[in-house]
Amino acid sequence: MKKPSDTAEATFEDLIGLGGQSARKSYYPELLSKVEELEDERNRYKWLFENALHGIFQMDLTGRINKVNRALARICEYPGAASMTDGLNFAADLLFSEQEFRLMTARLINDGQLFLYETRLRKSNGMPVEVSMNILLRQKEDQTAIVAFVADITERKRVQQRMRSLNEELEQRVEERTRELVQLNDRLWKEVQIREQAEQAALQAREDAESANRSKDKYLAAASHDLLQPMNAARLLIAALQERKLPADEARLVDRVHLALDGAEQLLTDLLDISKLDQNAVKPEFQSFPISRLLESLQGEFEPVAEAAGLSFRVHSRDLWITSDPRLLTRILRNFLSNAFRYTDSGGVLLGLRRQENHLLLQVWDTGGGIPEDKQEAIFQEFCRLSHHQSRKGGVGLGLAIVERMARMLEHPLSLRSVVGGGSCFQVRVPLATQSPSNLTPLVQPPKLDADALTDRRVLVLDNDPEILASMEALLSGWGVTTELAATLEEAVMLAEAATPDLVLADYHLEAAQTGLELRQLLNDSGLQHVPMVMLTADRSSETRQAFRDAGVLVLNKPVKPGKLRALMTHLLAD
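What counts and how
Residues numbered from 1 in each chain as written. Predicted model: local features only at pLDDT ≥ 70, side-chain atom pairs only at ≥ 80, totals over all residues. Heavy atoms only, no water. Helix = DSSP H or I, 4+ residues; strand = E, 2+ residues; numbered from the N terminus. Buried < 20%, exposed > 50% of the residue type's maximum accessible area, 1.4 Å probe, protein only. Contact = heavy atoms within 4.5 Å. Pairing = 2+ DSSP bridges. Axes fitted to C-alpha atoms, helices over the stretch in contact; angles between N-to-C directions. Parallel < 35°, antiparallel > 145°, perpendicular 65-115°, else oblique. Left-handed = near helix turned anticlockwise from the far one by under 90°.

**Observations concerning the overall build of the protein**
- Along the protein, the regular secondary structure elements total 16 helices and 17 strands.
- Among the 575 residues that make up the protein, the fraction classed as buried is 37%.
- Taking as baseline every contact in the protein between residues at least 6 positions apart, the subset at least 24 positions apart corresponds to 63%.

Structure representation (structure tokens):
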């Protein structure tokens, strides 16, 4: 069925209800429905207006507010929307500046809209509230209206302000921290500079100390030569006097001078050794050798000491080979024995050994007064002497300090057992040789010759010191030796070529930086290489010892002990 509006004959009057009665009746329901829809739409917009979360208001160009929703009343803290439309003016009552309103309307008229416009509105109590507005300019017939949508941004502003404050505080802290770090960096840089200066100063001090040590070494070398030269001459003269028949009183005086020279020589030798050990100037030369030979040498050296002291002296030896530096190890045992005889009044001294797996314990026992337990470590320090010991010979307490340094350099551990009133045992632990003794060349025992073996032997003596030459002549002539004396290399070569000597005794340090080793080469060049030579020197350095070995020259250190000199000369002139 067609609707009346679908009829082609319907007029405009019919459509708006001005047609016939039948026509009005047929369009009334439809119109009523349209009116209801429009009313619902109006009510919906009204509900949205009144219940919107953001404030909404409408005003004219003069700022008079004519419509307000409840959200704006809540934002501005008014009791209701009606209280804001009752003669309230936006420019005068809500804005803090009418000048701002004029600028706002000017922009609206120019642009037609303002979005995200931020400002402050005055609450009913006069306090400000931060808002953001979207403002539109609406033209309606001959009227112009301004519609604004308002959002409260007070909390956001507070958060922003807090963030700005935090940022400023953070920036301030960063600035302060940066300033502190800069100051700390400056301090560290200054400390680094101070440390570098200190290191440079320490380095310079070390170089100065090393230079001073080198100077000291040179001084000690020179001092040892200069001091030992007259001491050597005195020892030789005393030895010559001891071998002569003197009245009893004069003989006792000579013996006292001999003892005094022994003490001075021992003191000087100990001081030089301590200095060289502290400067690492002594280098060990390890080799394998039979311990029996070393013990027999010490037995021959100390038997006269034991006899003079009225003490027994026993040596227990075994056919074992060890690895060590024989010169340094002999010095260690010699110091042990010297102390044992020095501090033993009755009884005796024993030099023995005990095998301990792959090592050998070399022990020196005595029946002296013993050492208190609280002093047993201190005695290995420099200048330590036990006050309760009364020794026959004085000392300055350097012997055991030298022993401790030598043993540490050789890596031979030391140990001590002692009981007060019951004697002491000093021992050093040395490794056994890894090779079988059958694979090693044994040392040849020197032949024992009679006391007249040196008679009428021709010996050439080279020394730049006239006192030494005179002393050597006095001593050697007492042994029946025919002595030729030379003060220079040229004199020595001339005398040797004129009459071939049986033996040459030469001082190492001569005038004008010449050495006794040069005589060895000159003699070799003259065809006298078969003539044996003994070097007499106060120089105990490793370099000179190596030079002597390379040249095939034997060495006796100054001050020369007459007994050793005579024994060595007898051995060399055996043929």
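**Things to note about the sheet that holds strand E1 (residues 55-60)**
- Spatially, five strands are ordered E2-E1-E5-E4-E3 in an open sheet, and the strand pairing comes out antiparallel. The strands lining the two open edges of the sheet, one partner per strand, are strand E2 (65-68) and strand E3 (113-122). Ignoring strand direction, the axes of neighbouring strands in this sheet form an average angle of 30 degrees.
- In this structure, E1 lies alongside E2, joined through three bridges in antiparallel fashion. Bridge pairing links Met 59 to Ile 65 in E2.
- Packing of helix H6 (residues 98-111) onto the sheet brings it into contact with E1, E3, strand E4 (128-140) and strand E5 (143-152), and relative to E3 it is tilted by some 165 degrees.

**Quick notes on the packing of helix H10 (residues 326-342) against helix H11 (residues 399-410)**
- It is at 9 Å that the axes of H10 and H11 come closest, and there the two elements cross at 150 degrees. Put simply, H10 runs roughly antiparallel to H11. In this structure, the crossing between H10 and H11 has a hand that is left-handed. Of H11, the residues touching H10 (which contributes Leu 328, Leu 329, Arg 331, Ile 332, Asn 335, Phe 336 and Asn 339) are Gly 399, Leu 400, Ile 402, Val 403, Met 406, Ala 407, Met 409 and Leu 410.

**Description of the sheet that holds strand E16 (residues 533-537)**
- Across the sheet, five strands lie side by side as E14-E13-E15-E16-E17; this open sheet has parallel pairing. Edge positions in the sheet fall to strand E14 (482-486) and strand E17 (554-557), since each has one partner strand and no second. Going across the sheet, the axis of each strand differs from the next one's by a mean of 20 degrees, ignoring polarity.
- Note: strand E13 (residues 458-462) against E14, five bridges, orientation parallel. Bridge pairing in E14 links Val 459 to Thr 483.

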